[in-house]
Protein chains: 2
Amino acid sequence: MNTLVIVSHPNLEKSVVQNFLKASFPVDEDVQWKYLSETMQFDKKAEQAELLKNDRIIFQFPLYWYSAPATLKRWIDEVLDGDFAFSGKSVLEGKELGLVVSTGISEKQFQAGGQEKFTLSEVLRPFEMLANKLKMKYLKPFIISQFEYKTENQKMEVLINYQQYLQLDKFDFLSKIDWFVSQSNERGLDEFTKILGLKKNELENLNWQVRLLRESDGEG
Amino acid sequence: MNTLVIVSHPNLEKSVVQNFLKASFPVDEDVQWKYLSETMQFDKKAEQAELLKNDRIIFQFPLYWYSAPATLKRWIDEVLDGDFAFSGKSVLEGKELGLVVSTGISEKQFQAGGQEKFTLSEVLRPFEMLANKLKMKYLKPFIISQFEYKTENQKMEVLINYQQYLQLDKFDFLSKIDWFVSQSNERGLDEFTKILGLKKNELENLNWQVRLLRESDGEG
């Protein structure tokens, strides 16, 4: 499976969360990080060809006024033009669309009775509708809220879930266990601790990870 | 009451609906048409000052991928920065936010069971949330769907409702009647027919208008 992560952030260098995600980005041919800068002119044909080569397309951005930053919207408007997207049928049919969205607002505020009143499912509805229109499979958005307030363990959980969001074919419990085992086998425990940004002694047994997996499986 | 209409459309010259709205734009000091071009650099301070001078701010745009065109989003991201919008309290508190949104898709498709599955209230939620955050009053969006399929009478109804959307303090039945009377008095019936783009004989009695008003009042 090939995954393309399209990153939009008006101030990438200063973003703690984007730098964290970049540093933990899988080193793998099948996952590609693509940054859209504000001044960039997009080569429409090349962008479209790149989409066709990938199975999972991910938009990664901070929530700006309850939507994507303008540059990502410009990319969407220019690249997903009608001639490309609907030449007879949707050319992206069957591919997956994922979102990695960071927000400085607590997720708890996004509900009836919360400050924001509406859920993040509603905020991100335009992306769900875009996926529907293109007959893409809309993945459950990956939300990172108030990253800077997270504990080290919580950040690690973000990192693991992020890597899995990019690379796992399916998000069920068994796929997650397989991912852990294959990561350890492929890279060895030393390398794996490095990827995870952990001290080695923190990884001495897998109990913690399994507990984490079991806990997070309800959300998987 | 002062109204600022901020227009965004990637291909303004070719847009039938935008040309129609521009041609029928009220000639009045209290209503201002402001077009955002794609290549324009925004003077943030000047834009902010302009917002403060107006009571009703309207975003006028075609729905592009279930959202505003990228240029309007750029304007929002740049002009509504945190320092301006929340210097202690919201500087735009109490002002109104309206939307004039055109779409090539029938409004009927925007509902459960329709092709688009979700309502336009949901599609436009990010704007409602923006208004909430700024403590602005969110006006019921003014939707123009499939303009090119409309009959002449339906287009006229769009025109009248559009002018009222820009200029009426309130949208109740009496305010609408007052608007008609004052339009006729101020400009005379000849001028009024011209504004409405009607042949004079079509306006010979007000019965038609009153019927129109009564019909549309449920939506007022």
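Residue numbers run consecutively from 1 along every chain, following the written order of its sequence. A letter from A marks each chain and a number from 1 marks each ligand, given out in the order of writing. Whole-chain, interface and lining totals are the exception, using all residues; otherwise, since this is a predicted model, local features are given only for residues with pLDDT of at least 70 and side-chain atom pairs are given and counted only at 80 or more. Side-chain measures were taken over the full set of non-hydrogen atoms in the model, leaving aside hydrogen atoms and water.

**Thoughts on unusual backbone geometry**
Residue and element names in this part refer to chain A.
Phase 1 of the analysis: Its identity as a non-glycine residue notwithstanding, Y66 has a phi of 65°, on the positive side.
Phase 2 of the analysis: Going along the chain from the N terminus, every DSSP run of H or I of four or more residues is numbered as a helix, and every run of E of two or more is numbered as a strand. By the element assignment, Y66 lies in the loop between β3 (56–62) and α3 (70–79).
Phase 3 of the analysis: Its identity is not glycine, yet K135 carries a phi of approximately 55°, on the positive side.
Phase 4 of the analysis: Tracing the chain through its elements places K135 in the loop between α6 (125–133) and β5 (137–138).

**Topic: the confidence of the model for chain A**
Phase 1 of the analysis: Per-residue confidence for chain A averages 88 on the pLDDT scale, and 85% of its residues sit at or above 70.
Phase 2 of the analysis: The ipTM assigned to the predicted complex is 0.86, against a pTM of 0.87. A score between 0 and 100, pLDDT records how confident the predictor is in each residue.

**A look at helix α1 (residues 16–23) of chain B**
Residues and elements named next belong to chain B.
Phase 1 of the analysis: Buried means the residue's accessible area, taken with a 1.4 Å probe over protein chains only, is under 20% of the maximum for its type, while exposed means over 50%, and partly exposed covers the values in between. Along α1, the residues classified as buried are V17, Q18 and L21. One side of α1 carries all its buried residues, which in axial view fall inside an arc of 100°.
Phase 2 of the analysis: In what follows, residue pairs with any heavy atoms lying within 4.5 Å of each other are defined as contacts. Where α1 is buried, its residues contact β1 (3–8), β2 (31–36), β3 (56–62), β4 (96–103), β6 (142–145) and α7 (152–167). Taken from the helix axis, the directions to the C-beta atoms give the arc we talk about.

**What to know about the interface of chain A and chain B**
Phase 1 of the analysis: At the junction of the two partners, chain A supplies 28 residues and chain B supplies 28 residues.
Phase 2 of the analysis: Regarding the contact of chain A and chain B, the summed buried area is about 2500 Å², with carbon and sulfur atoms giving 65% of it.
Phase 3 of the analysis: Broken down residue by residue, the surface that chain A buries against chain B is led by A:W65, A:Y66 and A:M129, which jointly contribute 30%.
Phase 4 of the analysis: The term salt bridge refers to a pairing of a side-chain nitrogen on Lys or Arg with a carboxyl oxygen on Asp or Glu at a separation within 4 Å. Connecting chain A to chain B are 4 salt bridges.
Phase 5 of the analysis: A:E122 is the partner of B:R125 in a salt bridge, and the nearest nitrogen-oxygen pair spans 3.1 Å.
Phase 6 of the analysis: Any N or O atom pair separated by 3.5 Å or less is treated as a polar contact, with the protein-specific requirement of one donor-capable and one acceptor-capable atom, and with residues adjacent in sequence counted only for side-chain atom pairs. Applying the counting rule to chain A against chain B returns 12 residue pairs in polar contact (both at pLDDT 80 or more).
Phase 7 of the analysis: Breaking the side of chain A that touches chain B down by element, the ones donating at least two residues are α3, α5 (120–123) and α6 of chain A.
Phase 8 of the analysis: Among the elements that take part in the side of chain A that touches chain B, α6(A) stands out by supplying 7 residues, more than any other.
Phase 9 of the analysis: The nonpolar class holds Ala, Val, Leu, Ile, Met, Phe, Trp, Tyr, Cys and Pro. Asp, Glu, Lys and Arg form the charged class, and all remaining residues, Gly among them, are polar. Among the residues forming the side of chain A that touches chain B, the class breakdown is 17 nonpolar, 2 polar and 9 charged. Throughout, buried area stands for the accessible area (probe radius 1.4 Å) lost by two parts on being put together, summed over both.

**Examining the packing of aromatic side chains**
Phase 1 of the analysis: In summary, the pairing rule links any two rings of Phe, Tyr or Trp, Trp by its six-membered ring, whose centres are within 6.5 Å, and it sorts them by plane angle into stacked for under 30 degrees, edge-to-face for over 60 and tilted for everything else. Taken as a whole and judged by the stated rule, the model has 20 aromatic pairs over all chains.
Phase 2 of the analysis: Judged by centre distance (5.8 Å) and plane angle (20°), the ring pair of B:Y165 and B:F171 falls under stacked.
Phase 3 of the analysis: What makes B:Y165 buried here is its relative accessible area of 6%.
Phase 4 of the analysis: Under the relative-accessibility criterion, B:F171 is labelled partly exposed at 22%.
Phase 5 of the analysis: Site record: aromatic cluster; members linked through ring pairs are A:F25, A:W33, A:F142, A:Y162, A:Y165 and A:F171.
Phase 6 of the analysis: Here A:R125 stacks its cationic end above the ring of B:F118, 4.1 Å away from the centre of that ring. Ring-over charges, as used throughout, are those where CZ of Arg or NZ of Lys falls within 6 Å of the ring centre and within 35 degrees of the ring normal.

**Side note on the side chain of A:E50**
All names here are of chain A.
Phase 1 of the analysis: By the element assignment, E50 lies in helix α2 (residues 44–53).
Phase 2 of the analysis: The exposure class assigned to E50 is buried, which follows from its relative accessible area of 13%.
Phase 3 of the analysis: If near-sequence neighbours (up to four positions away) are discounted, E50 is found in contact with L4, Q32 and K34.

**Digging into the relation of the copies chain A and chain B**
Phase 1 of the analysis: Between chain A and chain B, which share one sequence, the superposing operator has a rotation angle of 180° and an axial displacement of 0.0 Å; the RMSD is 0.0 Å. Here the transformation between the copies is reduced to the relation of a two-fold axis. In terms of C-alpha distance to the rotation axis, chain A has A:A70 as its closest residue, with the C-alpha 2.6 Å off the axis. Overlaid copies result from least-squares superposition on C-alpha atoms, with residues included only where pLDDT is at least 70 in both.

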